[in-house]
Every structure is written in C-alpha cells, then in structure tokens.
Amino acid sequence: MSLAVRNPRSGKEDYTLVAATADRVAETCAQLRRGQPAWAALTAAQRAQLLQQWKQALQQHRDAIVAALFADTGRMNESAMEFDTICHAIDRWCRDAPPWLHSGPPQQTSVPFLAVARQDVAIPLVGVISPWNFPLLLSLIDALPALMAGCAVAVKPSEITPRFIQPLQASIAAVPALAAVLAYLPGAGATGAALLERVDAVCFTGSVATGRKVGEAAARAFIPAFLELGGKDAALVLEGADIARSSAALAWGAMVNAGQSCLSIERAYVHQPLLQPLLEHLSDDIGKLRFCAGEDPCDGEIGPIISARQADIIRAHLDDARAKGATVVCGGEIERIGGGLWCQPTLLTDVDHTMLVMTEETFAPILPLMGVGGDEQALALANDSQFGLSGAVFCNDRDRARAVARRLQAGAVSINDCALTAIMHEGEKQAFKLSGMGGSRMGLVSLRRFVQRKALLENTDLTWDPWWFHSR
Ligand code: NAD
C-alpha cells in the first residue's frame, strides 16, 4: 500500500511511502531470526566492532541522512544533533555494554556445595515501533542495546517521517553481518500491528492511545512490552528560585524542537511572588526565539509543527484556554508560512486544571504558568495528572529542591535545569502512570530488557551422595 507523506515546511505531499505488507513483515522477521544465532554467538566485543564499522558507514551517509531527516521534520539543527547523538550512543554502548554482558565463572552460594553461574540469553527478535518527533534517534535508542545484547531487531518507524529510512538502510547494507540482524519496515499502524505478531518483545515509543493497543497486543502474544508514552511534564519554581536561571532553562525546556519532545515542560507552577518577574523574564527570553522558516534553515530556533492534525490539537488547546479565561502573555497563534504551520512561542497565565492545556499533552512551544501559594500546592497540582514522564524543580536551596523532587510523581526530575535526560544517559528511570511501562531505557540496566537470565546451579561436591530422600 502507498501512503502520501506531507512535507512540514511546504505543506505539500512530496514523498510516497510503500508500506510493508503483513507478508513482507513475516518474511523479514523470518530472515532476521535466521541471522540472529550467529550474531548472538559473537562476543559482545565482536558485536561492538561491527557496530563501530556501521558508525563509519553512517558517517559516510551523514549528509543524505540529515537531509532526509530535515525533509521529514522541517528542522535542521535538531536533525544534525539527532545524527550526532546516535553516533555518540553507538560509542557509549560499544564501550559500556561488553563488561555488563560478561557472564563470569560460577560463584559459591550460601549452600556450601552449590555454585551458581549466570547466563544471559538474548531475546531472539525484538520489535521497535517509533514515533515521528526524533525519527532516527527514537528508532535506534532501544535497538542499539538490543543489538549489543545479541538480539535481532526489526524497526517500524513512523509513517509521518519515513524519508530517512532509505539512506539509513544504505549504511546498514555496508555491514552485512549487521544487515542480517537489523531491518527497517516502513509503514503505518497496520505494519506495526503485523510486526507485533512476529517478535519476542516490543519496545514502543509513542502516544498513550497507541501504547494501550500495543500493550494489549503484546499481552495476547505473551511477549514483554516496554512502553515509552506521552507526558505533561511540570516545572515547579519554588520560593528562592533564581529567576534568570529558571527562565533560561524553561525557555529551552518548553520550546526546544518547537515543544515537540516527550520531555518538554508543558506547565509551570510558580511561587506567587515570583510569577510576574518570571513572566517578564521569560517574555524577554522567548522573544529572542525565531522561526527557522527562511532560506537558511539553521537560522532560527523554532521549527514547524509536524502536521495539520497536530496543529488542530494545538489550536483546540489554545481556544479552550482562552474561552476559560487564560491570558496570552505572548504568542498564541499558529502562522502559515510557505505552506507550513508554525506555532508562535507562547506564554499563558491565568490558567487552571479545567483547561486542556494544563491536563492533556499539547506538544507545542507553549508554556502555561500558574501562581501557587507554596510547595505543597505546587506539588499537589503537579501530581494532579494522568502522566508521570519527567519534570523539573527550581530552588537555590538545593535540599528543599531535592525534597520536593522526591515527591514529584515522575520518572526523571531535573533540579535547577530542564529535560536533563536529553543529555545524560546514566540516570535509570521508569515512566510513572500513563507515561509508560516496563524497564528503564536509560542506564546500563537498559540491557536487562533484552536478555532472559538463566541460572546454572551446580553441585560442586562430587563425593557427596545426592540421594535426596533420606539424607536431609
Ligand atoms: P503514535 O502513537 O501515533 O505512533 C507511534 C508509532 O506507532 C508509529 O510508528 C505508528 O505507525 C505506530 N502505530 C500506530 N498504530 C499502531 C498499532 N495499532 N500497532 C502498532 N503500531 C502502531 O505516536 P506519534 O504521534 O508518532 O508520537 C508522538 C507521541 O510519542 C507523543 O505522545 C509523545 O509524547 C510520545 N513520545 C514519547 C517518548 C518517550 O520517551 N516517552 C519519546 C518520544 C515521543
């Protein structure tokens, strides 16, 4: 089946995706299963060597991949950053995974004549289903540790941003041992659903609504599902927070990638006396941001909104907030430039929890700010959410900031900054509430999702009579 793909800068459908059918999914998965035992039989160091060869091939295709990501998403700076982040991630996994994957000799147990050895058996075939907002990064964030663990991986990226698949596949083909265990299957939901019937585990990144379907399908197939879903991340600006610092961090946390990041700050609760000064500072900071809509796509900070459907959601949130009494401090409109849809960096105040913009994921460069009487009220409002992905706390009293952060119901909380999971991988975390389910994708423990652990229990006393029925 062919699908027309819209270009977010021109608004035109200028690319056609041919979706993988259920038969092609089955065939590809069978091929990957045939390739996986040889891949798993390599040492982790040998797999790391092959991933390093792939990194070289990726770098040879850099221009084509970044250009395709730019056409897919309409933003250039983030596409280049995405590419570089993946190259760093390959280096990190190649360096850090082999020691973790090392099994080691049997260890003495608490029972004098028993020793135990660990064996980690790679899950043969992992399915990855990924979203559009960081097409390359999110298609590989789980695939890399899975490959390092010895699994084969079938990736079904978003149908909204498929242009990068072709140049990426050319880089994979340059390393035949990797091409035997890593395949991309273009397509939409039907291709993803077909994939779920063929894999032994699934890593899904996307919306809560699709995540539920994926979780249900995985339960029926009796396979583990690792779900990384939506959020409504809160920032808490407490008494004693530094205004300039909070403002600069929030401007980045709420506006980067035009707010189309799962870890975007989407609402802020501010100690009431700080609200007005913070709004003034933020208006200045955000006023400096420009659309990168001109000839030079690197000139500017705010890219286009990915789709007309997403722009409709944003308009609905803004209309709902205005109708219920919100004040637009700056921005508040979606502009049409060159056929693309561009959301003005927006600050709202006089907001409350009856408004969609405070409760549902907006995915736009929009930050609503609400004044609060103190830490308890800030925490109660921040935790009054169906989501629990991440959040931020600002306060120069670091003990107080940490104490509040500990009570925030979210998997990752940045203190005196925003969205730090974007630049640091060590912090193991899980999503709370509807924001996800399953083991941490961050930190070395991420590898644990891709192996089945086996215990080899050994009676080391060969002189002992193991006739269990009368000897104890
Ligand atoms: P989406 O749920 O619409 O689609 C995600 C993927 O699921 C796509 O590849 C899609 O084709 C596929 N899919 C659709 N129906 C399916 C089905 N029935 N079975 C299997 N696969 C199916 O999400 P999106 O709009 O592409 O992405 C945006 C969402 O992703 C936002 O909610 C955002 O917060 C979330 N997200 C979360 C994280 C995280 O780490 N928690 C990271 C990035 C994005």
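Note that the coordinates shown come from a computational prediction; the quantities given were computed from them, not determined experimentally. (Residues numbered from 1 in each chain as written. Predicted model: local features only at pLDDT ≥ 70, side-chain atom pairs only at ≥ 80, totals over all residues. Heavy atoms only, no water.)

## A look at the site of the ligand
In the vicinity of the ligand there are 29 residues, among which K156, E159, S207, T210 and E361 approach most closely. E159 places a polar side-chain atom, nitrogen or oxygen, 2.6 Å from an oxygen atom of the ligand. Here a nitrogen atom of the ligand and a backbone polar atom of L229 are 2.7 Å apart. Compared with its free state, where it exposes 860 Å², the ligand has 88% of that area covered by protein. Residues that form the shell around the ligand fall into these classes: 13 nonpolar, 10 polar and six charged. Each of two domains, domain 1 (2–229 + 435–457) and domain 2 (233–422), supplies a minimum of three residues to the shell around the ligand. (Near = heavy atom within 4 Å. Polar contact = N/O pair within 3.5 Å; in protein donor to acceptor, adjacent residues only side chain to side chain. Areas by Shrake-Rupley, 256 points an atom, 1.4 Å probe, with all protein chains shown as cover. Nonpolar A, V, L, I, M, F, W, Y, C, P; charged D, E, K, R; others polar. Domains from an automatic or database assignment.)

## Here's the deal with the pattern of salt bridges
Applying the stated rule across the entire model yields 25 salt bridges. Here D84 makes a salt bridge to R62, at a shortest N to O gap of 3.0 Å. Taken together, the positions of D84 in helix α4 (residues 77–101) and R62 in helix α3 (residues 62–73) put the pair 22 residues apart, joining distant regions of the chain. What makes R62 partly exposed here is its relative accessible area of 26%. Across the pair D399 and R402 runs a salt bridge, and its minimum N-O distance is 2.8 Å. Of this pair, D399 and R402 both sit in helix α16 (residues 398–407), three residues apart, which is roughly one turn of the helix. The class for D399 is exposed, based on a relative accessible area of 55%. (Salt bridge = Lys/Arg side-chain N within 4 Å of Asp/Glu carboxyl O. Helix = DSSP H or I, 4+ residues; strand = E, 2+ residues; numbered from the N terminus. Buried < 20%, exposed > 50% of the residue type's maximum accessible area, 1.4 Å probe, protein only.)

## Some details on the nonpolar core
Of all hydrophobic cores here, the largest spans 83 residues; its most connected members are W54, L136, L168, L178, L182 and Y184. Ignoring sequence-local partners within four residues, the contact set of Y184 consists of R24, S139, L140, V155, P157, F164, I165, L168, Q169 and I172. Counting 32 residues, the second largest nonpolar core, distinct from the first, contains L236, A326, C343 and V372. (Core = buried A, V, L, I, M, F, W, Y, C linked by side-chain atoms within 4.5 Å. Contact = heavy atoms within 4.5 Å.)

## Concerning α3
Relative to the 16 Å expected for 12 residues at 1.5 Å per residue, α3 spans 16 Å between its end C-alpha atoms, a close match to the ideal helical length. Along α3, the residues that are buried comprise I65, V66, A68, L69, F70, D72 and T73. Downstream of α3 by one or two residues, G74 has phi in the positive range, about 85 degrees. (Expected span 1.5 Å × (residues − 1).)

## Let's talk about the environment of A149
Along the chain, A149 turns up in helix α6 (residues 143–149). On a C-alpha basis, the gap between A149 and S247 in space is 41 Å, while along the polypeptide they are 98 residues apart. The contact partners of A149, leaving out residues within four places of it in the chain, are R47, L101, A122, L447, F450 and V451.

## What about the sheet that holds strand β7 (residues 182–184)?
The strand order β7-β6-β5-β8-β9-β21 describes an open sheet built from six strands, whose pairing is mixed. Edge positions in the sheet fall to β7 and β21 (436–437), since each of these pairs with one other strand and no more. Alignment of strand β8 (residues 201–205) against strand β9 (residues 225–228), held across four bridges, turns out to be parallel. Note on β9: the bridge partner recorded for F204 is L227. Across the face of the sheet, helix α9 (residues 189–196) comes into contact with β5 (125–129), β6 (152–156) and β8 while running at roughly 160 degrees to β5. (Pairing = 2+ DSSP bridges. Axes fitted to C-alpha atoms, helices over the stretch in contact; angles between N-to-C directions.)

## Regarding the packing of α3 against α4
Where α3 contacts α4, the two axes come as close as 9 Å, and the packing angle between them is 130 degrees. The angle between α3 and α4 places the two elements in the oblique class. The way α3 lies across α4 gives a crossing that is right-handed. Taking contact as the criterion, the partners of R62, I65, V66, L69, F70 and T73 in α3 are, on α4, S79, A80, E82, F83 and D84. The class makeup of the residues in the contact of α3 with α4 is six nonpolar, two polar and three charged. (Parallel < 35°, antiparallel > 145°, perpendicular 65-115°, else oblique. Left-handed = near helix turned anticlockwise from the far one by under 90°.)

## Considerations on the domain arrangement of the chain
Domain boundaries assigned for the chain yield domain 1 (2–229 + 435–457) and domain 2 (233–422). A C-alpha centroid distance of 31 Å is found between domain 1 and domain 2. Residue-level contacts link 22 residues of domain 1 with 29 residues of domain 2. Carbon and sulfur atoms make up 55% of the surface buried where domain 1 meets domain 2, a total of about 1900 Å² over both sides. In terms of surface lost to domain 2, no three residues of domain 1 exceed R9, W132 and S435, which account for 32% of the buried area on that side. Summed over the shared surface of domain 1 and domain 2, the number is 10 residue pairs in polar contact (both at pLDDT 80 or more). For the side of domain 1 that touches domain 2, the elements supplying multiple residues, two or more each, are α3 and α4. The greatest single-element share of the side of domain 1 that touches domain 2, amounting to three residues, is contributed by α3. Taken together, the residues of the side of domain 1 that touches domain 2 sort by class into nine nonpolar, eight polar and five charged. (Buried area = accessible area lost by both parts, 1.4 Å probe.)

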